[in-house]
Amino acid sequence: MFTATLIAVGRLRGTDISRARDLLAGAGCAPVADGWLDEGDAADLHFGMAPDAARGALEGALDCVDIVVQAMEGREKRLLIADMDSTMITVECIDELADYAGLKPQIAAITEAAMRGELDFEGALDARVALLKGLDASVIDRCLAERVTIMAGAKTLVRTMTARGGRAVLVSGGFTRFAEPVAAEIGFDRAIANVLEIEGGMLAGTVTRPIVGAATKLETLESEAATLLRLAVIAVGDGANDLPMIRAAGLGVAYHAKPIVAAEAAARIDHNDLTALLWAQGIARKDWISAA
């Protein structure tokens with residue numbers, strides 16, 4: 001059996017559920033039952049076959065509704081592997097650091113190309129960090145305080161999953177000076193990121209080897225999931241360097257992602273915040289842990 005979860009906070013209607021049920025039937029998916037997870041916000045439709053056909057029939061058919069199609073078995077996950085920049089926080093930290101150096105447009109253009117998969121991630125990171133050589137290291141803490149905002153729903157997602165016995169790992173192609181405090185604030189069990197090298201109180205223009213990139217993200221998923229079925233893992237990210245871990249997870253999610261990621265992920269969240277990943281796991285709002 002399979003489940004299609006419809007998510008549209010405050011906008012989901014009974015007619016959307018009926019429309020989705022008709023689309024599933026028309027695609028030969030054999031719908032058997034449906035109902036609200038939280039009325040007006042999220043609903044489940046259960047069906048018997050052809051999940052790929054279900055996803056094809058539903059995605060884009062309902063205006064501003066996110067669709068997650070998956071097997072019912074193992075729906076609630078035991079491990080979350082998450083990207084940081086533009087996923088768990090609202091900014092790309094290196095672009096914000098660059099702004100203090102007066103280089104944001106130049107560096108942000110490289111970041112965007114790398115996240116679209118148009119540039120090698122490691123080479124692009126080296127090039128961007130090199131441009132920051134000589135920036136006063138005190139700017140890092142200033143940037144963290146002034147520019148870094150936690151993504152809506154991040155705390156509720158992580159704290160709910162860990163309260164229910166899950167584990168959460170933040171693995172970022174960004175920097176430890178941001179990832180470690182962000183992980184602590186949100187509630188992650190572990191944070192992995194690159195180390196910015198500092199000499200004489202200034203950025204040295206280099207990062208410690210090996211670089212945390214796509215391979216590290218996949219290796220982290222594999223090591224953290226060593227005692228779990230892969231079905232028990234959810235991975236979420238937005239950029240090309242997240243694709244290997246997204247492909248490897250039981251449920252790989254593209255979150256407000258670049259086109260290359262959205263095209264390959266098993267699920268996309270384009271319209272809602274990170275709490276959508278709780279509804280995707282069948283967890284209703286009454287069982288969420290507050291972010292307060």
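You'll find the structure just up there.
Just so it is clear, the structure is predicted and the values come from calculations on it, not from any experiment.

A.B. asks: Could you give an account of the overall build of the protein chain, with specific residues and numbers?
C.D. replies: Helix and strand counts for the protein chain stand at 12 helices and 12 strands. Against the globule reference of 19 Å for 292 residues, the protein chain gives a C-alpha radius of gyration of 20 Å, in line with a compact fold. For the protein chain, the spread of C-alpha atoms along the three principal axes comes to 65 × 35 × 35 Å. Partitioning the intrachain contacts of the protein chain with sequence separation of at least 6 by distance along the chain shows that 67% fall at a separation of at least 24. Roughly 11,600 Å² of accessible area belongs to the protein chain as shown, and the carbon and sulfur atoms make up 52% of that amount. Of note, the protein chain has its 28 positive side-chain charges centred 2 Å away from the centre of its 41 negative side-chain charges.

A.B. asks: Describe the packing of helix α3 (residues 93-100) against helix α6 (residues 138-147), listing the residues and the values that go with them.
C.D. replies: The geometry of α3 relative to α6 is characterised by a closest axis approach of 10 Å and an angle of 115° between their N-to-C directions. Judged on the interaxial angle alone, α6 and α3 are roughly perpendicular. Between α3 and α6 the crossing geometry is right-handed. Between α3 and α6, the residues in contact are Cys93, Glu96, Leu97, Asp99 and Tyr100 and Val139, Ile140, Arg142, Cys143, Glu146 and Arg147, respectively.

A.B. asks: An account of the sheet that holds strand β1 (residues 2-7) is requested, with residue identities and associated values reported.
C.D. replies: The strand order across the open sheet built from four strands is β2-β3-β1-β4, with neighbouring strands paired in antiparallel fashion. Pairing within the sheet leaves two strands with one partner each, and these edge strands are β2 (31-38) and β4 (66-71). Strand-to-strand twist of the sheet, defined as the mean angle between neighbouring strand axes without regard to direction, takes the value 20°. Relative to strand β3 (residues 42-47), β2 is paired through six bridges, and the arrangement is antiparallel. Bridge assignment links Trp36 to a residue of β3, and that residue is Ala43. On top of the sheet, helix α1 (residues 14-26) reaches β1, β2 and β3; it is set at about 155° to β2, its chief contact. This element, helix α2 (residues 51-58), spans β1, β3 and β4 of the sheet and lies at about 175° to β4.

A.B. asks: With reference to specific residues and values, describe the nonpolar core.
C.D. replies: Judged by nonpolar contacts, the single largest core of 64 residues is most densely connected at Leu80, Met88 and Phe188. Every residue in contact with Phe188, bar those within four places of it in the chain, is listed here: Leu80, Ala82, Met88, Val158, Ala168, Val169, Leu170 and Ala183. In terms of nonpolar packing, the next biggest core, distinct from the first, is built from 19 residues, Val169, Ala235, Ile246 and Val261 among them.

A.B. asks: Now, about unusual backbone geometry: what can you tell me, with residues and values included?
C.D. replies: For residues other than glycine, phi is negative in most cases, and the peptide bonds are mostly trans. For the bond from Arg209 to Pro210, the omega torsion is -5°, close enough to zero to count as cis. Positionally, Pro210 belongs in the loop between β9 (202-207) and α9 (214-224). Notably, Ala30 is not glycine yet its phi reads approximately 55°, a positive angle. In this structure, Ala30 sits in the loop between α1 and β2. Residue Ala30 is classed as partly exposed on the basis of its relative accessible area, which comes to 32%.

A.B. asks: For the sheet that holds strand β12 (residues 267-269), give the residues involved together with the corresponding values.
C.D. replies: Strand order in this open sheet of six strands is β7-β6-β5-β10-β11-β12, and the pairing throughout is parallel. Since the sheet does not close on itself, it has two edges, and those belong to β7 (190-194) and β12, each with one partner. Across the sheet, the axes of successive neighbouring strands diverge by a mean angle of 20°, strand direction being ignored. Where strand β5 (residues 79-82) and strand β6 (residues 167-175) come together, four bridges link them in parallel fashion. Across the sheet, residue Ile81 finds its bridge partner in β6, namely Val169. Strands in contact with helix α7 (residues 154-163) are β5, β6 and β10 (233-237); relative to β5, the strand with the most contacts, it is inclined by about 155°. In the packing of α9 onto the sheet, contacts are made with β5, β6, β7 and β10, and the angle to β6 comes to roughly 165°.

A.B. asks: Quick rundown of the pairing of β9? Include the residues and the values.
C.D. replies: In terms of strand pairing, strand β8 (residues 196-199) meets β9 through three bridges, oriented antiparallel. Its bridge partner being in β9, Ile198 is matched across the sheet by Leu203.

A.B. asks: Break down the environment of Ala280 for me, citing the residues and quoting the values.
C.D. replies: Inspection of the secondary structure assignment puts Ala280 in helix α12 (residues 276-280). Between the C-alpha atom of Ala280 and that of Thr5, which follows or precedes it by 275 residues, the distance is 6.1 Å. In this structure Ala280 touches Thr5, Ile7, Val68, Gln70 and Arg75, once residues within four positions along its chain are discounted.

Rules behind the numbers
Residues numbered from 1 in each chain as written. Predicted model: local features only at pLDDT ≥ 70, side-chain atom pairs only at ≥ 80, totals over all residues. Heavy atoms only, no water. Helix = DSSP H or I, 4+ residues; strand = E, 2+ residues; numbered from the N terminus. Rg over C-alpha atoms; globule rule 2.2 N^0.38 Å. Contact = heavy atoms within 4.5 Å. Areas by Shrake-Rupley, 256 points an atom, 1.4 Å probe, with all protein chains shown as cover. Lys, Arg positive; Asp, Glu negative; His and termini not counted. Charge placed at Lys NZ, Arg CZ, Asp CG, Glu CD. Axes fitted to C-alpha atoms, helices over the stretch in contact; angles between N-to-C directions. Parallel < 35°, antiparallel > 145°, perpendicular 65-115°, else oblique. Left-handed = near helix turned anticlockwise from the far one by under 90°. Pairing = 2+ DSSP bridges. Core = buried A, V, L, I, M, F, W, Y, C linked by side-chain atoms within 4.5 Å. Buried < 20%, exposed > 50% of the residue type's maximum accessible area, 1.4 Å probe, protein only.

Function cannot be read off these values alone, since they describe shape.
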